[in-house]
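Coordinate inspection notes
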Amino acid sequence: MAENTYLIRGAAILGGDAQDLLIRDGVIAAVGTDLSEDGATVIDGKGLIALPGMVDVHTHLREPGREDAETVETGTRAAALGGFTAVHAMANSNPVADTAGVVEQVHSLGRASGWVDVRPVGAVTVGLAGEQLAELGAMADSRAQVRMFSDDGICVHDPVLMRRALEYVKAFDGVVAQHAQEPRLTAGAQMNEGSVSAVLGLTGWPAVAEESIIARDVLLAQHVGSRLHVCHVSTAGSVEIVRWAKARGINVTAEVTPHHLLLTDELVRSYDPVYKVNPPLRTDADVQALREGLADGTIDVVGTDHAPHPSEHKECEWAQAAMGMTGLETALSVVQETMIETGLMTWADFARVTSFTPAVIGRVADQGRPLEVGEPANVILVDPAARWTVDPHKMATMGRNSPFKGKELPGSVVATFYKGHPTVLEGRLNTPYKHPAVSSS
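So, here is what we can say about the structure in this document. (Residues numbered from 1 in each chain as written. Predicted model: local features only at pLDDT ≥ 70, side-chain atom pairs only at ≥ 80, totals over all residues. Heavy atoms only, no water.)

In this section: the nonpolar core. One recurring pattern in soluble globular proteins: nonpolar side chains tend to sit buried together. With 78 residues, the main nonpolar core has Phe149 and Leu294 as its most contacted residues. Residue contributions to this core peak at six residues, all from helix 6 (residues 207-224). Sequence-distant contacts of Phe149, that is, excluding residues within four places in its chain, are made with Val121, Gly122, Ala123, Val124, Leu136, Met139, Ala140, Val169, Phe172, Val175, Val176 and Ala177. Among the nonpolar cores identified, the runner-up in size contains 16 residues, and Tyr6, Ile13, Leu48 and Ala377 belong to it. (Core = buried A, V, L, I, M, F, W, Y, C linked by side-chain atoms within 4.5 Å. Buried < 20%, exposed > 50% of the residue type's maximum accessible area, 1.4 Å probe, protein only. Helix = DSSP H or I, 4+ residues; strand = E, 2+ residues; numbered from the N terminus. Contact = heavy atoms within 4.5 Å.)

This is how it looks when you write it as structure tokens:
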């Protein structure tokens, strides 16, 4: 029994009252005070917060084809250390995840690694080319049971194709996750269009390039009666459009990244390519609007947009550098600093935007569940009083392109339980979960 039973003593559930959690055979067996269980491994939760495992709706694991940047193994190790128990792997691998075969490969790699639940995201169009719908139904019916589809990194800019995709996914309760970027308005763009871009002489990336696509797509979603998810919202105007759409009853959800909650385009003055990202870092006014939108529910979830790159793709001149930042191992801390320590959110709110709601958007039935008796034991323990300094070379991800390098952040993940198994203990990787009959998956 000791191998399958864990007793967490005195952790504050969702930041509330301290209680004991008994985990047995992958589920929460009891919640209360002064619990006991013969043979259980006891974990001291005093001073810690117990939360449901985080669910990321936006992760780039790069495999297959870009194993020089990340693999399912390294990316999911990073996810476990960051407090995630499920991630949605974006489709822009090589080959693109636009067929049942590729999404099943990613799904199988995730099960074999055993660190977190890997849910493949299927491409909307063949090869991300924006010309022909991919095999949406086949991916939905595959063993991977894909429910989220996205050409992330590239906008589905053809309104007819976007409409057809929204219509198609209705049949199996899927969602289209749009990378909102009008390509004709961002040709050659290098950073946010504004006063800083004017001073630096870099081609600007206007906010309207994002906002115009969101406005179009929420109207398409309303017309079709389908689910739309907006990836990495980055401007104050985008927040207002999503707020307007929700007030009209349109079925739209939206995400914000941790880096857009904290960093601004002022950092680009350094010309350090680590700050080059898509969508670009915006102004302080945008950051404040994003925080307010997340706090009031206009923005539904936090998505990391974890985008690792080989060092040679980031350690070069700005114009040639790849866009993207790592985020799995820093997400919790950045959200704690920007949303909890500012008083905008509680830890219960944190669970809503990082676990409960992301699981609903991705239709992941056994993740993002309340910490109650009978629920799957996907649980994390967080030390909110901890402080740590970000060192990319000490991270599990292969990507070293963290924009928080050298920054001191609050909060650390002490333990991660995936399906009742501790993949992380005392802040370090423990052992992966062994899926039953994983070889046949």
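Here we take up the side chain of Ser238. Structurally, Ser238 is set in helix 7 (residues 236-247). Here the side chain of Ser238 touches Thr235 through a polar contact of 2.9 Å, side chain to side chain. Sequence-distant contacts of Ser238, that is, excluding residues within four places in its chain, are made with Glu210, Glu211, Ile214 and Val233. (Polar contact = N/O pair within 3.5 Å; in protein donor to acceptor, adjacent residues only side chain to side chain.)

As a further point, take the sheet that holds strand 6 (residues 54-59). Backbone-to-backbone hydrogen bonds pair the strands of a sheet. The strands run either parallel or antiparallel. The strand order 6-7-8 describes an open sheet built from three strands, whose pairing is parallel. The strands lining the two open edges of the sheet, one partner per strand, are strand 6 and strand 8 (117-120). Strand-to-strand, the axes of this sheet are offset by a mean angle of 20°, without reference to chain direction. Note that strand 7 (residues 84-89) and strand 8 share four bridges and pair parallel. Looking at the pairing, Ala86 lines up with Asp117 of strand 8. Across the sheet, helix 2 (residues 100-113) touches strand 7 and strand 8, and the angle it forms with strand 8 is around 175°. (Pairing = 2+ DSSP bridges. Axes fitted to C-alpha atoms, helices over the stretch in contact; angles between N-to-C directions.)

This model, assessed by the stated rule, comprises five aromatic pairs. Between Tyr6 and Phe417 the ring centres are 5.5 Å apart and the planes differ by 65°, which places this aromatic pair in the edge-to-face class. Remark: Phe417 occurs in strand 17 (residues 408-418) and Tyr6 occurs in strand 1 (residues 5-13); sequence separation between them is 411 residues. In terms of burial, Tyr6 and Phe417 fall into one category: buried. With centroids separated by 5.8 Å and ring planes inclined at 55°, the aromatic side chains of Phe149 and Phe172 adopt a geometry described as tilted. (Phe/Tyr/Trp six-rings, centres within 6.5 Å; stacked < 30°, edge-to-face > 60°.)

Note that Thr186 resides in the loop between strand 10 (175-178) and strand 11 (191-192). Take Thr186: its relative accessible area is 7%, and that puts it in the buried class. A polar contact is formed between the side chain of Thr186 and the side chain of Gln181, at a distance of 2.9 Å. Beyond its immediate sequence surroundings of up to four residues, Thr186 is in contact with Gln181, Trp205 and Ala209.

This next bit is on unusual backbone geometry. Glycine aside, the phi torsion of most residues is negative, and most peptide linkages are trans. Pro64 follows Glu63 through a cis peptide bond whose omega is 5°. Secondary-structure assignment places Pro64 in the loop between strand 6 and helix 1 (72-81). In this structure, His232 takes a positive phi of about 25° despite not being glycine. Within the secondary structure, His232 sits in the loop between strand 13 (228-230) and helix 7. Phi is positive for Asp305, close to 50°, though the residue is something other than glycine.

We now examine the sheet that holds strand 9 (residues 148-149). Spatially, five strands are ordered 9-10-13-14-15 in an open sheet, and the strand pairing comes out parallel. A strand with exactly one partner marks an edge of an open sheet, and here the two such strands are strand 9 and strand 15 (301-302). With three bridges joining them, strand 13 and strand 14 (residues 252-256) adopt parallel strand pairing. Along strand 14, the bridge assignment pairs Val230 with Ala254.

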